[in-house]
Structure formats: structure tokens, C-alpha cells
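Each chain, written out:
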Amino acid sequence: MSIDAVVWDIDDTIFDYTAADRAGMRNHLAAEGLLGGASVEQALARWREVTDAQWARFSAGETDWQGQRRERVRVFLGEPLSDTEADAWFDRYITHYESAWSLFPDVLPVLDGLVASHRHAVLSNSSLLVQDRKLRVLGVHDRFEAILCAAELGVSKPAAAAFHAACEALELPPHRVAYVGDHPEIDGRGAAEAGLLSVWIDRDGTHTAVGGPPTGPHRIASLAELPAILGVDTRFGASSTFR
């Protein structure tokens, strides 16, 4: 059965979230005078650890969108800040973070190459308020027919219901939809188990493999490999280096 549409994750799939987060937090900590005796790398590693932990709580439904942001600040600083204080600190970080936003360099060539052959949508475990604006700033908002986010859906990846909501928005059955994401379990395994053609992008190759075709996700190192998996003949398609 042919694949008619591609549903995309955003952060660390088409948008270089990790680089923007590191650059933004580095500049924010310097502006706040919070580096002190800790090295920049130690502070950045601690911020990522806290972010991952609070994001997991949000994905599990243990806190809401704003709550996970506030707890990231409180845990990172080790201070019992009020909601207003935590929000203000996070907003100052956001200013630095947004100044570092960028797409991965392989994104626009692949979107251009697939524009005539496939429909496109987004499914993110974030909020529509954040991701809609992000896609506009990055200049790719109009590339997608539908933008779905966990905060509004009330269900998040890897639950099959999240992937099926994206398929329903496109009015296509799961087996005619591909999903591209960077997380081996939340994106890769989740999409495969929901019945979509799962494509897991592992850009740095450091993750442990979670399976392969035909039942598991196709593992790629660059989006330039995606057209070949979709069966599209383009001049920039390439055989996967991981399969």
C-alpha cells in the first residue's frame, strides 16, 4: 500500500531544539549571573536533566503545560518560587532560546522534494500555542495541512490515539501515513505500534536500536534518506546507513 502523507514531529526532528536550548540557556545563565562556580557544561547538563524529567511528567499527565515549565525552573534553581516568579524566569530564558531557533539543513530540501507526492502534517507532544508560532517563525507553517499537539488533544505520544488523531485529521488510514520523529520509543516504536510507517531519525547515531523493518521503525541518520523509504525517486534520496 502506498504512503500518501507524512506526519512530522517538530523538536529535534525538523527544528534543532537541542542546539537552541543549549545556546539560549547558556546566554540566559550568563545574563542572570547564575554560572557561579559551576561550569557551563555542568549547568547545561543539569538543565537538560531537569527538562527531561518534567517533560516526562507532562507526557504522563501528571502536570499541565505551564506546570512543567514552572517546575523546571524551581527544580533547576532549587528555590520555592511563586508561579509568577517562575513564569518570569522562564520567560526571560525563552527570549534567549528563541533567538537561536533554526531548522536542520536537511529539512527544506526534503519538504521541497516531497511537496508534489505527499501531504504533510505535524504531531507534537507540545502545545499548539508554542508550536504554531514556532513553525511560523521558522517559515514552514504553510507546509502542513494540520498541526496537532498533545496539550490540546488530551493524549500524547506514544499512545496510539495520538497518532490516529493525526491520521483522522488527514482522513487517511494509518497504513497510508508515515511518521517521522527523533525519539526511539515515543516516536519510533509508538508510530510503528499504531500502524503507521515509522521512520526514526537518529542524527547522531548514539541511541540503542529499537528494531527494524518490517514491524519496527526504519532508522535513518538524515532526512535525505526519507524519500527512498517512501519510494520517491529524487536526486537527493539515499539508501539508509542504518537499516
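Numbering of residues begins from 1 in every chain and follows the order in which that chain's sequence is written. Where local features are concerned, this predicted model is filtered to residues with pLDDT of at least 70; where side-chain atom pairs are given and counted, the filter is 80 or more; whole-chain, interface and lining totals use all residues. Side-chain metrics in this entry use all non-hydrogen atoms of the structure; hydrogen atoms and water are not considered.

Draft legend 1. Representation of helix H8 (residues 160-170) within the structure. Residue exposure (1.4 Å probe, protein chains only): buried if accessible area is under 20% of the type maximum, exposed if over 50%, otherwise partly exposed. Only runs of H or I of at least four residues qualify as helices and only runs of E of at least two qualify as strands under DSSP, and these elements are numbered from the N terminus. The set of residues buried in H8 consists of Ala162, Phe163, Ala165, Ala166, Cys167 and Leu170. The contact rule is simple, with two residues in contact once any of their heavy atoms fall within 4.5 Å. Summarising the contacts, the buried residues of H8 are in contact with strand S1 (5-8), strand S2 (119-124), strand S3 (146-149), helix H7 (150-153), strand S4 (177-181) and helix H9 (184-193).

Draft legend 2. How the structure looks around the nonpolar core. Only buried residues count toward a nonpolar core, which is a set of Ala, Val, Leu, Ile, Met, Phe, Trp, Tyr and Cys residues joined through side-chain atoms within 4.5 Å. Counting residues in each nonpolar core, the largest one holds 47 residues, and the members touching the most others are Trp8, Phe144 and Leu230. Of all the elements, helix H4 (residues 83-98) adds the most residues to this core, at six residues.

Draft legend 3. Representation of the side chain of Ser127 in the model. Here Ser127 shows up in the loop between S2 and helix H6 (128-137). Given a relative accessible area of 3%, Ser127 falls into the buried group.

Draft legend 4. Spotlight on helix H3 (residues 65-77). Relative to the 18 Å expected for 13 residues at 1.5 Å per residue, H3 spans 19 Å between its end C-alpha atoms, a close match to the ideal helical length. Listing the buried residues of H3 in full gives Trp65, Gly67, Gln68, Arg69, Arg70, Arg72, Val73, Arg74 and Phe76. The secondary structure elements touched by the buried residues of H3 are helix H1 (17-32), helix H2 (40-59), H4 and H6. Gly78 occupies a position one or two residues after H3 and carries a positive phi of about 70 degrees. Every helix has an expected span of 1.5 Å times one less than the residues it contains.

Draft legend 5. Up close: the pairing of S3. Alternating residues of S3 divide into Ala146 and Leu148 and Ile147 and Cys149, and every residue in both groups is buried. Where S2 and S3 come together, four bridges link them in parallel fashion. Bridging from a neighbouring strand, Ser124 pairs with Cys149 of S3. By the criterion used throughout, a crossover qualifies as right-handed when its path from the first strand across the helix to the second strand runs clockwise, the strands pointing away from the viewer. Viewed along the sheet, the connection from S2 through H6 into S3 turns out right-handed. Paired strands, in this sense, are two strands between which DSSP finds at least two bridges.

Draft legend 6. Fine view of the side chain of Asp106. Mapped onto the secondary structure, Asp106 falls in the loop between H4 and helix H5 (107-114). You can call Asp106 buried: its relative accessible area is 13%. At a separation of 2.8 Å, a polar atom in the side chain of Asp106 contacts the side chain of Arg203. Here a polar contact is recorded for every N or O atom pair within 3.5 Å, except that within protein the pair must consist of a potential hydrogen donor and a potential acceptor, and residues adjacent in sequence are included only if both atoms are side-chain atoms. Among the polar contacts listed, one links the side chain of Asp106 to the backbone nitrogen of Leu223, at a separation of 3.0 Å. In contact with Asp106, other than residues within four places in its own chain, are Ile201, Arg203, Ser222 and Leu223.

Purely spatial values, then, with no claim about function.
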